[in-house]
Every structure is written in C-alpha cells, then in structure tokens.
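# Secondary and tertiary structure notes
These are the residues of each chain, in order.
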Amino acid sequence: MRLLTTALLWGVVVPSVLGVPAIAHASTPATQESAGVSAVAQAALRSAPAALDALATLPADGIGAFLEKDGPALLDRLSTPSAIDQVASWWSTLQAPERSRLERKASPLVGNLDGVPFAVRAQVNETRLRARIEAVQRAASHTFGVAALGAVSDLAALRAVSEALRTPDGGPARSLITFQTSGSMLAAIAIGDVDSATDVSILVPGMLYTVQGQLVSWTSVAADLYTAQSAALQRIGATGRSVATVAWLGYHTPDILGALSLNAARQGADRLESVLSGLRAVRAEDQPFISVIAHSYGSTAALLALQRGAVSVDALALLGSPGGEVASAHSLDVNGGNVYVGAARFDPVAICGFFGSNPDDPAFGAHRMPLGGGVDPLDGEPLLPVTGHNGYFVPGSQSMLNLALIGIGRGSLAMTDARAESVR
C-alpha cells in the first residue's frame, strides 16, 4: 500500500511546499527525479510516514539532492509531537533492508529524526562525523582565503564533537544522538543508553554556548551528573535501575544581544519539545523517568516548552533562571508538581525575573533547593556551597547532589539536609 501511494504521487503535478518547483510530467530520468521530489513535498502535507515513504523510493542521488536543499524544512515538518508518534510507528514497521537504505542514503535526516531509536541515530551520526572530518580536512588542504578560514572553523567544531564523544577509560558509553551540520552546527551527546535507561536527564544550556566552544565542557557536566545519579541509585538500593544524561546543544543559543529577547528561547522550546516527544515515542512501551535540567537562558526555553501541554516530563530543575512567560509552576506540564528552582548567592540572573516570572519567588510555586552547603542526606558527608551564576554543576556541591536526586525521582531528599539515618 505504501509503494502504491508513492507510485500514484510520482507523476502527479503538485506544487512544492518545501521550496521545490512543481513539474508538468515525468518523461525523462531527470524529470522523474524531480517528480519524486515533489511527491515528497506533497506527501509531507498528509502525514510523516507518507513523506518518508516517498523519500525512500527516490533514487540514491535524488535522496541526497532533496536532503541538501529541503532536508531541514522536512525535518521541521516532522518535528511536531503527532508527527513524531507517526515516525516511531513507521520506523518499527520497516524491514531491515529498508532501514539500512535510509540509514545510508538519508543519514542527515535519520540521524536527527525524533521518533527513531537513539542507537540507530548515534550509529548514523558517528559515521557521518567521521566522513565529514575527512572531507573537511581534504577541503582545508586545497582552499585559500575565506574558504580556508571556513574550513578551519568547521574542522574545529567537528573535532570538538569527536572529543566530546571520547569515552574515558572505564566510563559509560557516549553516543552522538543529534548532529546537524546545516548552518551553525548542533549536537547532543548521550552518556549511557537513552533507549533503555530507567532515568533520563536532558541538560539544556544557556546563552553563548556553541558546539566548538562548549560542547566538550557541557558533556563533562552531563558525565558528572551521570556519576552522581548512578551513585545515588546505588546508595538508596535501587537495583535494576540505570541512568542516562544528555548534553543537549540542540538549539542555537543566543549571544548577549540575542539574550535580551525570547526569539532563541522559542526556537529552543520547539526543539526541546521535539526531542522530549521523540523520547516518549521511542520508549512508548517502557517509559523512563524524564527530567529536564535547564540553566540560565535555557530555563526560559524549557519553561516555554513545558507550558504548551504537548509533552510532559517527570521533573524540571531551573538553575539561575531569568524567568519566562509562565506565571506559575502549576501551569507547567510537569508530573507530580516536581518543579525545582536553584538560585545561588551572588547570582544576579536568578533573581532578575527579566522575562516576566521569577521562578525563585515563593509565589511561583516551585520547590526551592537549598544550595548553601550542609550535609548529604544519604551518607552525612559535607557538601560544598554554591555561589555565582556558573557554580551549579560543581561535583561534590549541594546543587549537584540535588540535581542527581531530582533526576532519579527522589527530589524530596533534595529539600533536606537531614542525615542518612532520618531518611532510611
């Protein structure tokens, strides 16, 4: 039925919805390819599976040409929660040869398509990364002037992705679950197995974050949180549970001037909503405990995403937040009211309420995390206090323990400095 639908679309005269010119007929190989491209565009209006089925029937060269020109627009069209559910269902029905062909010929799409299992995306993206590094290295050795500078910049960003992916000896596996190279590069590195972990945390950064400049350090933060969460699970005796953390640089964070508006936050909200919907869809039969841990301007994006009602999370932590267009924690789609806020001493951003609400205000209704030090409620060990806008992710700090507990569904322990004996 899928192939019949595509065949009927192949020679039909249709207007392009993704910037592809309409054609009159399909009488030659070149016009047949153009007709197929138009069929993909038209099918995208009907459903995600129809668009993907039409794409799958294009000749190999046609797939590449389509993705180069219209791949980002198609990816955006397939990023709504309803489309993502369709993508997940569609992928599960494909036979191995169909999947393999798409993974090879449509890798820029498959590697970033929410609703496709993360292990598949990672394999595709890591193959693309290696090929891209080789291609840019060759280009850099044969270009001069402005082109050479561009190649050097691209190569630096690609090497940052490669470095962030490198797994320390004895550490949990890392995987590249997002890798977009059109325009400014975007990437996300998972620590642990997102497809099977019982507890998954998405870390959303604030302004001035780029793949080249901050992906390596942001991945280190995710790795430290993974370690803290795993240790907390072991200490509370939660056998059979596992964690995954994601260093998510999946939106274009703003520069200083851009951070004065909500434009980048709205884009970040769209992309965060998409990745969360993808995680829910991929894990439909085995839902994990999902937390979002958002810092600074990233918390503004997270607030926008979670007030829409399209996707829910199980916990939300807002750190050094400038606020957002959300009046109350109760208006967020966060299960069980598990909204937490951290405002460190000497962090002017956390108390400014620049974008409207101030999540640290008691009237907002979030659980306010203690950050002044104290002792670990699980073992009575001392914890470091948190100060300043960038101190929330220091290993051994009260903030990092709070985030670990929130990410494994034990946020109530993050609200106390009691010793281990009082919580067992």
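Residues numbered from 1 in each chain as written. Predicted model: local features only at pLDDT ≥ 70, side-chain atom pairs only at ≥ 80, totals over all residues. Heavy atoms only, no water.

### Quick notes on the overall build of the protein chain
Helix and strand counts for the protein chain come out as 13 helices and eight strands. The contacts of the protein chain with a sequence gap of at least 6 include a subset with a gap of at least 24, amounting to 69%. When the accessible area of the protein chain is evaluated, it comes to approximately 17700 Å², of which 55% is carbon and sulfur surface. (Helix = DSSP H or I, 4+ residues; strand = E, 2+ residues; numbered from the N terminus. Contact = heavy atoms within 4.5 Å. Areas by Shrake-Rupley, 256 points an atom, 1.4 Å probe, with all protein chains shown as cover.)

### Looking at the sheet that holds strand 7 (residues 339–342)
An order of 1-2-4-3-5-6-7-8 is seen for the eight strands of this open sheet, with the pairing classed as mixed. Edge positions in the open sheet fall to strand 1 (174–180) and strand 8 (367–368), since each of these has one partner strand only. Note: strand 7 against strand 8, two bridges, orientation parallel. Within strand 8, the position partnered with Y340 by the bridge is H367. Along the sheet face, helix 12 (residues 297–306) touches strand 3 (199–204), strand 5 (289–295) and strand 6 (315–319) and points at about 135° away from the line of strand 5. (Pairing = 2+ DSSP bridges. Axes fitted to C-alpha atoms, helices over the stretch in contact; angles between N-to-C directions.)

### Digging into the pattern of salt bridges
Evaluated as defined, the whole model comprises ten salt bridges. For D114, the salt bridge goes to R121, with nearest N and O atoms at 2.9 Å. R121 shares its class with D114; the two are buried. One continuous salt-bridge network, built from bridges that share partners, spans R235, D376 and D379. (Salt bridge = Lys/Arg side-chain N within 4 Å of Asp/Glu carboxyl O. Buried < 20%, exposed > 50% of the residue type's maximum accessible area, 1.4 Å probe, protein only.)

### Structural notes on the confidence of the model for the protein chain
Across the protein chain, pLDDT averages 87, with 87% of residues at or above 70. A low-confidence stretch, residues 417–424 stays under pLDDT 50, and its non-local contacts, those more than four residues away or across chains, total 17 contacts. (pLDDT = per-residue confidence, 0-100.)

### Some remarks on the packing of aromatic side chains
Scanning the entire structure with this criterion turns up six aromatic pairs. On the basis of an interplanar angle of 85° and a centroid distance of 5.4 Å, the ring pair of W218 and F393 is categorised as edge-to-face. Residue W218 is found in helix 10 (residues 211–235), and its partner F393 is found in the loop between strand 8 and helix 13 (398–407); the two are separated by 175 residues along the sequence. Under the relative-accessibility criterion, W218 is labelled buried at 2%. Residue class for F393 comes out buried when judged on its relative accessible area of 11%. Relative to F355, the ring of Y297 has its centre 5.9 Å away and its plane inclined at 75°; by these criteria the two rings are edge-to-face. Of this pair, Y297 sits in helix 12 while F355 sits in the loop between strand 7 and strand 8, and the two are 58 residues apart along the sequence. Judged on exposure class, the residue Y297 and its partner F355 are both buried. (Phe/Tyr/Trp six-rings, centres within 6.5 Å; stacked < 30°, edge-to-face > 60°.)

### Considering the packing of helix 5 (residues 81–93) against helix 11 (residues 263–282)
The interhelical angle for the contact between helix 5 and helix 11, taken along N-to-C directions, is 35°, at an axis separation of 9 Å. Viewed along their axes, helix 5 and helix 11 form a crossing whose handedness is right-handed. Here helix 5 contributes P81, I84, D85 and A88 to the contact with helix 11, which in turn contributes E273, S274, S277, G278 and A281. For the contact of helix 5 with helix 11, the residue count by class is four nonpolar, three polar and two charged. (Left-handed = near helix turned anticlockwise from the far one by under 90°. Nonpolar A, V, L, I, M, F, W, Y, C, P; charged D, E, K, R; others polar.)

### Quick look at the pairing of strand 4 (residues 243–249)
When you tally the buried positions in strand 4, you get seven out of seven residues, the bulk of the element. The side-chain alternation of strand 4 yields two buried faces, one formed by V243, T245, A247 and L249 and the other by A244, V246 and W248.

### A short note on the packing of helix 11 against helix 12
Two numbers describe how helix 11 lies on helix 12: the axes approach to 8 Å, and their chain directions differ by 60°. By the angle class used here, helix 11 and helix 12 are oblique. Between helix 11 and helix 12 lies a crossing whose hand is right-handed. Here N263, A264, A265, R266, G268, A269, L272, E273 and L276 of helix 11 come into contact with helix 12, specifically with Y297, T300, A301, A302, L304, A305 and L306. (Parallel < 35°, antiparallel > 145°, perpendicular 65-115°, else oblique.)

### Digging into the pairing of strand 5
The buried fraction of strand 5 amounts to six of the seven residues, a majority that puts the element mostly inside the structure. Bridge count for strand 3 against strand 5 is six bridges, and the pairing is parallel. Counted as the bridge partner of L203 is I293 from strand 5. Both strand 5 and strand 6 contribute to a ladder of five bridges, which runs parallel. Bridge pairing in strand 6 places H295 opposite L319. Since strand 5 and strand 6 lie parallel, the crossover through helix 12 that links them has a hand, and here it is right-handed. (Right-handed = clockwise from strand over helix to strand, strands pointing away.)

### What about helix 8 (residues 118–140)?
Between the first and last C-alpha of helix 8 there are 32 Å, a value that for 23 residues agrees with the 33 Å anticipated at 1.5 Å per step. Along helix 8, the positions that sit buried rather than exposed are F118, V120, R121, A122, V124, N125, R128, L129, I133 and V136. (Expected span 1.5 Å × (residues − 1).)

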